[in-house]
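Structure assessment
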Amino acid sequence: DGGITQSPKYLFRKEGQNVTLSCEQNLNHDAMYWYRQDPGQGLRLIYYSQIVNDFQKGDIAEGYSVSREKKESFPLTVTSAQKNPTAFYLCASSTTGTSPLAQYFGPGTRLTVL
Amino acid sequence: AQSVSQHNHHVILSEAASLELGCNYSYGGTVNLFWYVQYPGQHLQLLLKYFSGDPLVKGIKGFEAEFIKSKFSFNLRKPSVQWSDTAEYFCAGRANNNDMRFGAGTRLTVKP
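Residues numbered from 1 in each chain as written. Chains lettered and ligands numbered in written order. Predicted model: local features only at pLDDT ≥ 70, side-chain atom pairs only at ≥ 80, totals over all residues. Heavy atoms only, no water.

Side note on the state of the cysteines
Taken as a whole, this structure holds two disulfides over all chains when the rule is applied. Here A:Cys23 is linked by a disulfide to A:Cys91, with a sulfur-sulfur distance of 1.8 Å. Taking the sign of the S-S torsion, -75° for the link of A:Cys23 and A:Cys91, the bridge is left-handed. With A:Cys23 in strand E3 (residues 19-25) and A:Cys91 in strand E9 (residues 87-94), the pair connects residues that are 68 residues apart, well separated along the chain. Covalently, B:Cys23 is tied to B:Cys91 through a disulfide, its sulfur atoms 1.9 Å apart. In this structure, the disulfide formed by B:Cys23 and B:Cys91 twists by about -65° around the S-S bond and is classed as left-handed. (Disulfide = S-S within 2.5 Å. Helix = DSSP H or I, 4+ residues; strand = E, 2+ residues; numbered from the N terminus.)

Structural notes on the packing of aromatic side chains
All names here are of chain A. Overall, the coordinates contain 16 aromatic pairs over all chains when judged by the stated rule. Geometrically, the ring pair formed by Tyr35 and Phe105 is tilted, given 5.9 Å between the ring centres and 40° between the ring planes. Here the residue Tyr35 occupies a position in strand E4 (residues 31-38), and Phe105 occupies one in strand E10 (residues 104-105), the gap between them amounting to 70 residues. Judged on exposure class, the residue Tyr35 and its partner Phe105 are both buried. (Phe/Tyr/Trp six-rings, centres within 6.5 Å; stacked < 30°, edge-to-face > 60°. Buried < 20%, exposed > 50% of the residue type's maximum accessible area, 1.4 Å probe, protein only.)

A word on the interface of chain A and chain B
Across the contact, 23 residues belong to chain A and 20 residues belong to chain B. Taking both sides of the interface into account, the surface hidden between chain A and chain B amounts to around 1,700 Å²; carbon and sulfur atoms contribute 50%. When the shortest N-O distance is used, the salt bridge between A:Asp59 and B:Arg101 registers 2.8 Å. Contributions of two or more residues to the side of chain A that touches chain B are made by E4, strand E5 (42-51) and E9 of chain A. Grouping the amino acids of the side of chain A that touches chain B by side-chain chemistry returns twelve nonpolar, ten polar and one charged. (Contact = heavy atoms within 4.5 Å. Buried area = accessible area lost by both parts, 1.4 Å probe. Salt bridge = Lys/Arg side-chain N within 4 Å of Asp/Glu carboxyl O. Nonpolar A, V, L, I, M, F, W, Y, C, P; charged D, E, K, R; others polar.)

Comments concerning the pattern of salt bridges
For the structure shown, the criterion picks out eight salt bridges over all chains. Measuring nitrogen to oxygen at the nearest pair gives 2.7 Å for the salt bridge that ties A:Asp38 to A:Arg36. A cluster of three or more residues bridged by salt bridges with shared partners is formed by B:Lys58, B:Glu64, B:Glu66 and B:Arg77.

Structure follows, in structure tokens:
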């Protein structure tokens, strides 16, 4: 089945540790995105990438880092510099171009920092 | 800056009532607009999308939305809601740079 997978579903980390969230897609999409979802704030864009080896900061990139070494993968690292990392993280992908399609979303990873 | 805003944070309706959820955007130029739904415990799913052409867009499950350029709005409507429509609804917009922005979401509760 084509889609986006995120792992793990739940993740617990101690304060001060970096943690990497996985996102893989087999939709052959060029663009991939990371969002953070908090109650009452909707989805806020952390980083996005329109092509391999290139990515741009979103609205709340501070304390996060990404890489895009392969088209299928867009891992997100939550660093110890992120002041409030406990949240639900969503990965998405889409095609690009003049008539972009909608984004497809993964199931999300709930990160809890203890 | 590009942004999308949703006016209603929580809407409570009885079954068979009509629904209208507000969405406004601040993009200039060409814009693509979307409504997504997130049912409890499920992925975000696309309800409908507007790229160009007919400003009245029909989506899945009886939902529709109207793009009104003069009002920078893209409100979601459904003539008669069901208990199964209970979910969170997100409006989103994207300009040519492929940078998608979401509204804060509206939680819809439909009472049986």
